[in-house]
Amino acid sequence: MSTYFQPQKYPATEFASTGATDEALPVVVVGAGPVGMGVALGLAQRGIPVTVLEAADQVSFGSRAICISRHSLEVAARLGFGPELEKIVLPWVGGRSFYRDEQVLHFEMAHGDHDVRGPMVNVSQSEIEQIMTDTLLANPLITFHWSSSVAGVLRSDEDVTLDVDTAFGARRLRARWVVAADGGRSRMRELAGIRLQGNSYQGNYVIADIHWESTLPAERMVWFDPPSNPGSTIIMHQQPRDIWRIDYQLDSADDAGLETQEDRIRDRITRHLDWLENDVPWTLEWHGFYRAHALALDDFTHGRILFAGDAAHLVPIFGVRGLNSGMEDAETLAWTLAAVVHGTADESLLQAYSAERRAAWQQNVDNAGKSTLIMSPGSHGYHTTRDAVLALATTRPEFGHLVNPRQSSATHAHLSPLTWPVAEGTTGVLPGDPMEDRRVRVRVTTADGSVESSLNRVRGTGFAVLGVGVDPAGARMIAAHASALAMALSPESVRAVVVPAPGAAVAAAADLTVLDDPDGALPTALGASAGECFVIRPDGLVLCRVRDLSLLGDVRDHLKTATAPTLGVVPAHTETTATPDELLRENVWMGLSEALDQAGESDREGFLTRLALLLGSQSGRREFEEALAAASHVSGKVSSGTPRHSHADA
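As a starting point, this report considers the structure included with it. This is a predicted model, so every value here is computed, not measured.

**Quick look at the sheet that holds strand E19 (residues 313–314)**
- Read across the open sheet, the eight strands follow the order E6-E5-E13-E14-E15-E12-E16-E19; overall the sheet is mixed. The outermost strands of the open sheet, each flanked by one partner alone, are strand E6 (102–108) and E19.
- Pairing geometry for strand E5 (residues 94–99) and strand E13 (residues 220–224), over five bridges, is parallel. When the sheet's bridge partners are listed, Gly95 is paired in E13 with Arg220.
- Lying over the sheet, helix H9 (residues 348–375) contacts strand E12 (197–212), E13, strand E14 (233–239), strand E15 (243–250), strand E16 (282–296) and E19, oriented at roughly 120° with respect to E16.

**Section: the packing of helix H2 (residues 70–79) against helix H8 (residues 322–342)**
- Between H2 and H8, the least distance of the axes is 9 Å, while the angle of their chain directions is 35°. Helix-helix and strand crossings are classified by hand; for H2 and H8 the assignment is left-handed. Note on element contacts: H8 touches H2 through Asn324, Met327, Glu328 and Glu331, opposite His71, Ser72, Val75, Arg78 and Leu79.
- Along the lines of polarity and charge, the residues of the contact of H2 with H8 split into three nonpolar, three polar and three charged.

**Comments concerning unusual backbone geometry**
- Of note, the amide linkage connecting Ser490 to Pro491 takes the cis form, showing an omega dihedral of 10°.
- As for its position among the elements, Pro491 is in the loop between helix H12 (472–489) and strand E23 (494–500).
- Look at Arg241: it is not a glycine, yet its phi comes out positive at around 60°.
- With respect to the secondary-structure elements, Arg241 resides in the loop between E14 and E15.
- The class of Arg241 is partly exposed, set by a relative accessible area of 34%.
- The phi dihedral of Asp242 is positive, around 60°, even though this residue is not glycine.
- Within the fold, Asp242 resides in the loop between E14 and E15.

**With respect to the packing of aromatic side chains**
- For the coordinates displayed, the defined rule picks out nine aromatic pairs.
- Plain terms: the ring middles of Phe144 and Trp146 are 4.3 Å apart, the flat faces sit at 15° to each other, and that makes the pair stacked. Judged on exposure class, the residue Phe144 and its partner Trp146 are both buried.
- Grouping aromatic residues by their ring pairs yields a cluster made of Tyr10, Phe144 and Trp146.
- Directly above the aromatic system of Trp177 lies the positively charged group of Arg304, at a separation of 4.4 Å from the ring centroid.
- Cation over ring: Arg585 sits above Phe399, and NZ or CZ is 5.8 Å from the ring centre.

**A word on the side chain of Thr161**
- Among the structural elements, Thr161 can be located in strand E10 (residues 160–166).
- Once you skip the residues sitting within four places of it in the chain, Thr161 turns out to touch Gly152, Val153, Leu154, Arg172, Leu173 and Arg174.

**Structural notes on the nonpolar core**
- One finds Phe81, Leu162 and Phe307 to be the most contacted residues of the largest nonpolar core, which totals 105 residues.
- Broken down by element, this core gets its largest block of residues, nine residues, from H8.
- By size, the runner-up hydrophobic cluster in this structure holds 39 residues, among which are Ile66, Val104, Met120 and Val365.

**Comments concerning the sheet that holds strand E20 (residues 439–443)**
- Strands sit in the order E21-E20-E24-E23-E22-E25-E26 across an open sheet of seven strands; the sheet is mixed. At either end of the open sheet lies a strand with only one pairing partner, and these are strand E21 (450–454) and strand E26 (542–546). For this sheet the average axis-to-axis angle between neighbouring strands, irrespective of direction, equals 30°.
- Contacts between H12 and the sheet are confined to strand E22 (463–470), E23 and strand E25 (532–536), with E23 contributing the most and set at about 165° to the helix.

**A look at the pairing of strand E11 (residues 169–180)**
- Bridge count between strand E1 (residues 25–30) and E11: five bridges; the pairing is parallel. Across the sheet, Val30 pairs through a bridge with Ala180, a residue of E11.
- Where E10 lies against E11, seven bridges are found, and the strand directions are antiparallel. Residue pairing for E11: Leu162 is matched across the bridge by Leu173.
- Hairpin geometry of E10 and E11 is characterised by an intervening segment of two residues between the two adjacent antiparallel strands.
- Relative to strand E18 (residues 305–307), E11 runs parallel, the two sharing three bridges. The residue of E18 that forms the bridge with Val178 is Ile305.

The rules we used
Residues numbered from 1 in each chain as written. Predicted model: local features only at pLDDT ≥ 70, side-chain atom pairs only at ≥ 80, totals over all residues. Heavy atoms only, no water. Pairing = 2+ DSSP bridges. Helix = DSSP H or I, 4+ residues; strand = E, 2+ residues; numbered from the N terminus. Contact = heavy atoms within 4.5 Å. Axes fitted to C-alpha atoms, helices over the stretch in contact; angles between N-to-C directions. Left-handed = near helix turned anticlockwise from the far one by under 90°. Nonpolar A, V, L, I, M, F, W, Y, C, P; charged D, E, K, R; others polar. Buried < 20%, exposed > 50% of the residue type's maximum accessible area, 1.4 Å probe, protein only. Phe/Tyr/Trp six-rings, centres within 6.5 Å; stacked < 30°, edge-to-face > 60°. Lys NZ or Arg CZ within 6 Å of the ring centre and 35° of its normal. Core = buried A, V, L, I, M, F, W, Y, C linked by side-chain atoms within 4.5 Å.

Function cannot be inferred from these measures alone, as they are strictly geometric.
Right, dumping it as structure tokens:
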């Protein structure tokens, strides 16, 4: 029996227009996907009434996005729907990639004992949206209008008027601010007369969700040129309740209309599952179609219309950055817009949101673009080198890292106008970096000892001032600055948290949370020296890192004007897990691909021969002979026997 999630339908909402003498609504959110609902929850959390318009009568149907990062789970927790979401997700930590029937990569995402959550979970976007919808509908500050589509927009310096088509006739709403979160085919973007800019990649993929009671492990599995579907690429992911997501690439010569018919989809999947020696019945539950895009608006703010999620940018799906980056958009926009609505910051803070999130889009594109060039190479050069990399990786595993999917991780805001500079040579967690959630122990006042918690829970949903290795005087100063900042940013919360210096008698209090950290694990993880202080933003990014605690008094003024001090150096993003040899191979792969694309079609073999002669003359005879042997003896035949990844292996 199928366990596929079926969203409930909601009756069309009847509501009145905003009258000429009525006060404008504070915020209208257009689009009830995860991003729009995330913004609504974040604004309501800060006491701002929100009206949500959704053109459909239910949440989306189908898996769409399914891979949710650790950071997005932290966002969900801060926005208030995390506990319900985490009840239904399926965790996973890594995956395997195959070339034909040979394994060429086995990867694991970073995770350790200090982590509160695993690196990634799977659950359908439809189920995420349903949980978020239930949370919104229970919030008295959020008004939800189903079956309400925007038909027109009229803008002024003071507000935005929306013409809305409903089942009960045309309505007109006037709002101080409008958040456009209505997806990749954004009607709001069209009405505003703006377009996404960037690139679209070649390669079409079919998505299918099946109900299949398989014993294969919950991991990301990819087959390049599998014997079941020669020339294609197949991706498989398990979801909760025995639902499996299967994505496969169509050949450029395939008729997409024909290949997206159910009988063709069933045939493709049957061939692959039969090759995996499947003897378990399965049912096709849902299917879709996509191409990879790397597109964005130049500016996410257009007067009083603010764009977020797919309405503002599109990223290739490889590495699962779409929904995850959208949740970052939602949380950043919620606290910045709330500050503007409450009058604690200038409208320039919204330009900082735009600058940050467009830069984050570029970070995602830079990583996802490399994954896309492997998963769906769009040129002769990249296709040739992709196949060569896969063939080499069967006997030379050091090449396997090039097919790593580069899974989504939290983006940074180093170049944001909000991010404070640091002293040259500063290392560790820098301003603009995400502050990861960690297991911590909190000193309690009602009994001796401490209780287990997490940094995310301790710092709350607003700002936090975190002091490391402080003495009692430093702790009091941090608490005082946090209290002053809370008064200035009200109703945004601000919490003071400290890790005392060894032997320092710092007592927990109503305005001060004290962490017990006898082994110094937290300062080590942060790369912090005694007495340093971090100011953490509501969206989890580090705003500043200071040694002189008196500088904390400047935070409020800089936030109000969306500026940062000018002394010091802008943090450089240097984090990478790649080794020098891996970076070299990546540069060789991309450089060779582009050179092949520039070579004349009739001269490609000659170009490669000349290149081999030049490189061979720069190496020793033994090294050159070994390279010739390795290039000559790669796995090149398609096996018709038992696949390397079968039920027996699981």
